Amino acid sequence: MEVKVPKVKVGSQGLEVSKQGLGCMGMSFLYGPPKPESDMIKLIHHALDSGVTFLDTSDAYGPYTNEILIAKALKGVSREKVQIATKFGITTKDGMTEIRGDPQYVRAACEASLKRLGIDCIDLYYAHRIDTRVPIEVTMGELKKLVQEGKIKYVGLSEASASTIRRAHAIHPLTAIQNEWSLWSRDLEDEIVPTCRELGIGIVAYSPLGRGFFSSGAHLIQNFPEGDIRKNLPMFQRENLEKNKVVFDKVTEMAARKGCTPSRLALAWVHHRGDDVCPIPGTTQIANLNQNIGALSVKLTPQDMAELESYVSADVVKGEKHALVASTWINSETPSLASWKAE
């Protein structure tokens, strides 16, 4: 059965996107070698034809090559038919990762992304990580100018703490927060989700399938190509994976009862967390994209939701899941504006 992907409003500032987006990182970055360009362009076209019009990228993916890929895929596509989200802030200096949120960098990064993407305006522009050396008010001040100049429409933060979100939102309204959210990554539910809902900020969920775990379970690691960063993540180490396999088995059993696949069930759980939630599962396969779209047709009762959540309590899932964001995420406090000016 073909599922029509509906539109949904993200946040309260006016952005409307497909209810499910497409994370494009794995096409070019971190999950093994870059995939064949022609295949990825076909995948993006298939997504657009299927109603998945919300594409998520970053200047860090490659770096730069993922934005260039998207530009090629969108050549000849009506600009009104697609919503592009990209990010700034993760840079490399002397071989080391550096997070930047200073105004000069923010502006330069935005203009470079516009050029690579071949567009005049970015629909949703995120701070990819929080520069803890620069007051968030300063970073947001420059983003506000870029909105006023028509270079970006809406502003977001990725992996920001609740207090950082509040401070940023006071300078210019945030449209979305992008955080990892899946059955086994639920840390944001304590503070970040309530803060977003209080302020009218949408939630974009990346890695809603647990970086692929809820698609294939423990077998996933056997298919990791050379250079796939997931090989190094704690939850995929053999001693943890053996324990986490129990979670996947329970999800698989429930999926069979519901008449769907484990990946559709896990993704449907994210969709059911609220109308203000938009997951952006990534894939490099058209078959997997179709599978993900099918999650929109899976209906879950409150009892179903509770049962799923009982499988993945904090003491059951083994291995750190936020290793890639540990330096910024929960503790992403930035200096106060007054103390920064005094330096």
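Going by what an unreviewed UniProt entry lists, the protein is known as Oxidoreductase superfamily protein and is assigned to Perilla frutescens var. hirtella.

Side chains of strand β1 (residues 7–10) alternate between two faces, with Val8 and Val10 buried and Lys7 and Lys9 left unburied. Of the pairings in the sheet, the one linking β1 to strand β2 (residues 15–18) comprises four bridges and is antiparallel in character. Bridge pairing links Lys9 to Glu16 in β2. Hairpin connection of β1 to β2: four residues between the antiparallel strands, including Gly11 at a positive phi of 75°.

The gaps left among the atoms become clear once a water-sized probe is rolled over them. Inspection of the entire model under this criterion finds one cavity of 30 Å³ or more. Of the pockets and cavities examined, the largest cavity occupies roughly 50 Å³. In this structure, the largest cavity is lined by Phe88, Arg100, Gly101, Ala127, Arg129, Ile130, Asp131, Val134, Pro135, Ile136, Thr139 and Thr334.

Before going further, it helps to examine helix α6 (residues 192–199). Because an α-helix completes one turn every 3.6 residues, residues spaced three or four positions apart along the sequence face the same direction. Every buried residue of α6 is listed here: Ile192, Val193, Thr195 and Cys196. Each buried residue of α6 sits inside an arc of 160° when the element is viewed along its axis, so together they form one side. Tucked inside the fold, the buried residues of α6 contact α5 (162–171), β10 (176–180) and β11 (202–206). Of the residues one or two after α6, Gly200 is the one with positive phi, at around 75°.

A few words on the sheet that holds strand β8 (residues 122–127). Strand order across the open sheet formed by eight strands is β3-β4-β5-β8-β9-β10-β11-β12, with parallel pairing between neighbours. Sheet topology places β3 (22–23) and β12 (277–279) at the edges, where each strand pairs with a single neighbour. Sheet topology note: the β11/β12 ladder contains three bridges and is parallel. Pairing of Ile203 across the sheet is with Val277, part of β12.

What counts and what doesn't
Residues numbered from 1 in each chain as written. Predicted model: local features only at pLDDT ≥ 70, side-chain atom pairs only at ≥ 80, totals over all residues. Heavy atoms only, no water. Buried < 20%, exposed > 50% of the residue type's maximum accessible area, 1.4 Å probe, protein only. Helix = DSSP H or I, 4+ residues; strand = E, 2+ residues; numbered from the N terminus. Pairing = 2+ DSSP bridges. 1 Å grid on protein atoms, 1.4 Å probe; cavity = no way out; pocket = protein on both sides within 12 Å on 5 of 7 lines; lining within 4 Å. Points joined across faces, edges and corners; volume = space filled by probe spheres on them. Arc of directions from axis to C-beta. Contact = heavy atoms within 4.5 Å.

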